[in-house]
Amino acid sequence: MCNHMRFHISEVRKVMPEDSFYFSILRNPVTMMESSFSYYKYIPAFSKVSTLDQFLQDPWSHYNASLPNNHYAKNLLMFDFGFNNNGKDERHLNLSIAMIAKTFNLILISEYFDESMILLKNALCWSLDDVVSFKLNSRNNKTKQQLSLETMEKIKEWNSLDWKLYLHFNRTFWRRIDESMGREKMQDEVKKLRDRRIDESMGREKMQDEVKKLRDRRNQLMKICLQEGGAVDPSQVKDTSFKPFQYGAAEIQGYNLNPHLIDQTKTRCQRLITPELQYTALLYDKQFPDMVLKASVQNKTKQTHSQTWKASKAKMRQRRNLNHQGAENQNLRHNVYRKRGPKRTAQNNLPNMP
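Residues numbered from 1 in each chain as written. Predicted model: local features only at pLDDT ≥ 70, side-chain atom pairs only at ≥ 80, totals over all residues. Heavy atoms only, no water.

### Considerations on the overall build of the chain
Logical step 1: Looking only at helices and strands, the chain has 14 helices and two strands in total.
Logical step 2: Taken across its 354 residues, the chain has 34% of its residues classed as buried.
Logical step 3: Here the contacts in the chain between residues at least 6 apart in sequence split such that 67% fall between residues at least 24 apart.
Logical step 4: For the chain, the accessible surface area stands at approximately 23600 Å², while carbon and sulfur atoms represent 51% of it. (Helix = DSSP H or I, 4+ residues; strand = E, 2+ residues; numbered from the N terminus. Buried < 20%, exposed > 50% of the residue type's maximum accessible area, 1.4 Å probe, protein only. Contact = heavy atoms within 4.5 Å. Areas by Shrake-Rupley, 256 points an atom, 1.4 Å probe, with all protein chains shown as cover.)

Now the structure itself:
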């Protein structure tokens, strides 16, 4: 199961098996705050300010935790993991980090996405094609704001829980690369002869090699799948079924598919460029086919009723038109009779011809 949601382990376990592999990915809270301000510009916390700097000058005068959707404005990582994003207690933060580390088998880092995919591939015994992807849901550069060092520090302070959370799992991320990739690379007998430093350096080297393979494969698929060879602005996306959802001030870019693709290649390329909402709908249809079938039957029934109703209305209109036309014909005959009547009467009053 993969989706946007606020994580609650008790609810997730109701639908997932005991041996499920849990992983998540973190984004730097600084860049995430800049993105949130652009994408969620119309939430209550951001709606009355024109710039992020203006908000950060006095955030508490704009932020009210009780208002809907304001969680996007403060410690969003903590919120998404199911914890209190407005807390200030260091003990609460440490407990939250411990619970995340205990629950999740792997925490990835968005800023090192390729390295994250290699870790995920190795952890789940997947192939390179299982983790190769195109960049989706990205903004064009004109809607991105360059942040000053002062603004970055204010963001870290305002989102202090998220920042500490991010720093912790960024450390564990690189520790995992140094350890797991090194052991995988080295054979057992070599490990006994090499010290930990060599083990770690081999891990970095193998990671770099695998990341290069992943990027080469991505570039290869982009040349095959994409008409322009890369992302385009939303106004240039030709097939609306692949157009990303647009919200706030951000302009989310999409892709145009190469029109000459066929069969399996086309299907694979379509999956790579499908935006998240459309992809979620496809997964939902696959996960709940009975509900989709039921909805389809209901839609067909509604369409049948609608068509029947439309046909009935058409017949009623036709009948009214016929009645109206008949009435007009009656009036026409009556008018003709009235017009002809006096003539006939006048003729009858003429004297007899000799």
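We are not done yet, so read on.
### Here's the deal with the pairing of strand 1 (residues 23-26)
Logical step 1: Burial along strand 1 is one-sided: Ser24 and Leu26 are buried, and none of Phe23 and Ile25, which face the opposite way, are.
Logical step 2: Across four bridges, strand 1 lies against strand 2 (residues 106-109) in parallel orientation. Residue Ile25 lies in a different strand from strand 2, and its bridge partner there is Leu108. (Pairing = 2+ DSSP bridges.)

### Some points on the pattern of salt bridges
Logical step 1: Going through the model one piece at a time under the given rule, you end up with eleven salt bridges.
Logical step 2: Between Glu153 and Lys156 there is a salt bridge, with the nearest N and O atoms lying 3.3 Å from each other. Placement of both Glu153 and Lys156 in helix 8 (residues 149-158) is noted, with a separation of three residues, approximately one turn of the helix.
Logical step 3: Judged by its relative accessible area of 46%, Glu153 falls in the partly exposed class.
Logical step 4: Overall, the relative accessible area of 23% leaves Lys156 in the partly exposed class.
Logical step 5: Its salt-bridge partner being Lys212, residue Asp216 comes within 3.0 Å of it at the nearest N-O pair. With Asp216 and Lys212 both in helix 11 (residues 196-225) and four residues apart, the pair spans about one turn of that helix. (Salt bridge = Lys/Arg side-chain N within 4 Å of Asp/Glu carboxyl O.)

### Structural notes on the confidence of the model for the chain
Logical step 1: In the predicted model, the chain carries a mean pLDDT of 80, and 75% of its residues have values of at least 70.
Logical step 2: Under a pLDDT of 50 for its full length, residues 182-202 has, in the predicted model, 18 contacts with residues more than four places off or in other chains.
Logical step 3: Below pLDDT 50 for its whole length, residues 332-354 participates in one contact with residues either more than four positions away or in separate chains. (pLDDT = per-residue confidence, 0-100.)

### What to know about helix 2 (residues 29-39)
Logical step 1: Of all the eleven residues making up helix 2, ten are buried; the element is thus mostly covered by neighbouring parts of the structure.
Logical step 2: For helix 2, the set of buried residues is Pro29, Val30, Met32, Met33, Glu34, Ser35, Ser36, Phe37, Ser38 and Tyr39.
Logical step 3: Sitting at the head of helix 2, Asn28 places a side-chain oxygen 2.9 Å from the backbone nitrogen of Val30. (Polar contact = N/O pair within 3.5 Å; in protein donor to acceptor, adjacent residues only side chain to side chain.)

### Considerations on the packing of aromatic side chains
Describing an aromatic ring pair means giving the distance of the ring centres and the angle of the ring planes.
Logical step 1: In total, this model carries 17 aromatic pairs according to the counting rule given.
Logical step 2: The interplanar angle of 75° and the centroid separation of 6.3 Å between the aromatic rings of Tyr22 and Phe104 together place this pair among those described as edge-to-face. Here Tyr22, found in the loop between helix 1 (9-12) and strand 1, pairs with Phe104, found in the loop between helix 5 (90-103) and strand 2; they are 82 residues apart in sequence, far enough to count as distant. For the pair formed by Tyr22 and Phe104, the shared burial category is buried.
Logical step 3: Aromatic side chains Trp60 and Trp158 sit 5.0 Å apart centroid to centroid with 75° between the ring planes, which places their arrangement in the edge-to-face category. Of the two residues, Trp60 sits in the loop between helix 3 (52-57) and helix 4 (76-80) while Trp158 sits in helix 8, which places them 98 residues apart along the sequence.
Logical step 4: Relative accessible area serves as the criterion here: at 47%, Trp60 is assigned to the partly exposed category.
Logical step 5: Residue classification places Trp158 among the buried residues on the basis of a relative accessible area of 5%.
Logical step 6: Seen from the ring of Phe79, Arg6 lies directly overhead, with NZ or CZ sitting 3.8 Å from the centre.
Logical step 7: When the ring centre of Trp158 is taken as origin, the NZ or CZ atom of Lys74, which lies over that ring, is 3.8 Å away. (Phe/Tyr/Trp six-rings, centres within 6.5 Å; stacked < 30°, edge-to-face > 60°. Lys NZ or Arg CZ within 6 Å of the ring centre and 35° of its normal.)

### Quick look at the state of the cysteines
Logical step 1: Applying the stated rule across the entire model yields one disulfide.
Logical step 2: Linked covalently through their sulfurs, Cys225 and Cys269 form a disulfide whose S-S length is 1.9 Å. Taking the sign of the S-S torsion, about -65° here, the bridge from Cys225 to Cys269 comes out left-handed. Here the residue Cys225 occupies a position in helix 11, and Cys269 occupies one in helix 12 (residues 263-273), the gap between them amounting to 44 residues. (Disulfide = S-S within 2.5 Å.)

### A look at a nonpolar patch on the surface
Logical step 1: On the surface, Tyr42, Phe245, Tyr247 and Leu277 cluster together to form a nonpolar patch covering roughly 440 Å² of accessible area.
Logical step 2: Inspection of the secondary structure puts Tyr247 in the loop between helix 11 and helix 12.
Logical step 3: Owing to a relative accessible area of 31%, Tyr247 belongs among the partly exposed residues under this scheme. (Patch = residues over 30% accessible without salt bridge, like charges linked within 9 Å, V, L, I, M, F, W, Y side chains within 5 Å.)

### Examining the packing of helix 2 against helix 8
Logical step 1: Between helix 2 and helix 8, whose axes approach to 9 Å, the crossing angle comes to 95°. In terms of axis orientation, helix 2 runs roughly perpendicular to helix 8. Where helix 2 abuts helix 8, its residues Pro29, Val30 and Met33 lie against Met152, Ile155, Lys156 and Trp158.
Logical step 2: When the residues that make up the contact of helix 2 with helix 8 are grouped by side-chain class, the tally is six nonpolar, no polar and one charged. (Axes fitted to C-alpha atoms, helices over the stretch in contact; angles between N-to-C directions. Parallel < 35°, antiparallel > 145°, perpendicular 65-115°, else oblique. Nonpolar A, V, L, I, M, F, W, Y, C, P; charged D, E, K, R; others polar.)

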